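Spelled out, the chains give:
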Amino acid sequence: SDDKIPLVSFNYTWLRLSAWCQGKSRDVVVREICEEAHGRGKKVRVYGCPNTDKDWEKVSELGVDMISVDEHERFREFCRNRVEERRVNEL
């Protein structure tokens, strides 16, 4: 049953091939996955995402809720900066 699956998880690197086979961009497929999962009340986790601020920002903007990373300190700093930017923008 769909109720027993708490989240949707996918490999960001491999998704490029899947998107190509569908004739879509990876960004479009990521957004579609997120919209479908969120519509069912699920969170979305991505792994295999390059460890760069640019890629972390992109998947966050596309709707991913959780990002598995290898560079924990860099990711922590990225998150801190993102929170600070939001605070400044809210002023």
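Counting starts from 1 at the beginning of each chain's written sequence and moves along it residue by residue. For a predicted model such as this one, the threshold for reporting local features is a pLDDT of at least 70, and the threshold for listing and counting side-chain atom pairs is 80 or more; totals across whole chains, interfaces and linings nevertheless cover every residue. Think of the side-chain values as coming from all heavy atoms in the structure, minus any hydrogens and water.

1. Examining the overall build of the protein
When helices and strands are tallied, the protein shows 4 helices and 3 strands. N-terminal to C-terminal, the α/β element order of the protein is β-α-α-β-α-β-α. By principal-axis analysis of the C-alpha atoms, the protein measures approximately 40 × 30 × 25 Å. Each residue is assigned to one of three classes by its accessible area relative to the maximum for its type, calculated with a 1.4 Å probe on protein chains only: buried under 20%, partly exposed between the two thresholds, exposed over 50%. Split into buried and exposed, the 91 residues of the protein put 29% on the buried side. For the protein, contacts bridging at least 24 residues in sequence account for 45% of all contacts bridging at least 6. Total accessible area on the protein is roughly 6400 Å²; 51% of this is exposed by carbon and sulfur atoms. Asp and Glu are treated as the negative residues and Lys and Arg as the positive ones, with His and the ends of the chain left uncounted. Lysine's charge is taken at NZ, arginine's at CZ, aspartate's at CG and glutamate's at CD. Averaging the coordinates of the 17 positive side-chain charges in the protein and doing the same for the 18 negative ones gives two points 3 Å apart. Numbering of helices and strands runs from the N terminus, with a helix taken as a DSSP run of H or I at least four residues long and a strand as a DSSP run of E at least two residues long. Whether two residues are in contact is decided by their heavy atoms, any of which lying within 4.5 Å being enough. Here the accessible surface of atoms and residues is derived via Shrake-Rupley with a 1.4 Å probe, and residues count as covered only by protein chains that are part of the display.

2. Remarks on the nonpolar core
Counting 19 residues, the largest nonpolar core has Phe10, Val30, Val64 and Ile67 as its most contacted members. Those elements that place two or more of their residues in this core are α1 (12-22), α2 (26-39), β2 (43-47), α3 (53-62) and α4 (72-90). Among the elements that take part in this core, α2 stands out by supplying 4 residues, more than any other. Residues contacting Val64, with those up to four places away along its chain left out, are Phe10, Val30, Cys34, Val44, Val46 and Val59. As used here, the term nonpolar core means buried Ala, Val, Leu, Ile, Met, Phe, Trp, Tyr and Cys residues forming a set that is joined through side-chain atoms within 4.5 Å.

3. A closer look at α1
Every buried residue of α1 is accounted for by Tyr12, Leu15 and Ala19. One side of α1 carries all its buried residues, which in axial view fall inside an arc of 40°. Summarising the geometry of α1, the exposed residues directed more than 90 degrees from the buried face are Trp14, Trp20 and Cys21. Next to the buried residues of α1 lie β1 (7-11), α2, β2 and α3. Polar contact is defined as a pair of N or O atoms within 3.5 Å, subject to the rule that within protein one atom must be able to donate a hydrogen and the other to accept it, and that residues adjacent in sequence are counted only when both atoms are side-chain atoms. With a side-chain oxygen positioned 2.8 Å from the backbone nitrogen of Thr13, the residue opening α1 is Asn11. The arc in question is the one traced by the directions running from the helix axis out to the C-beta atoms.

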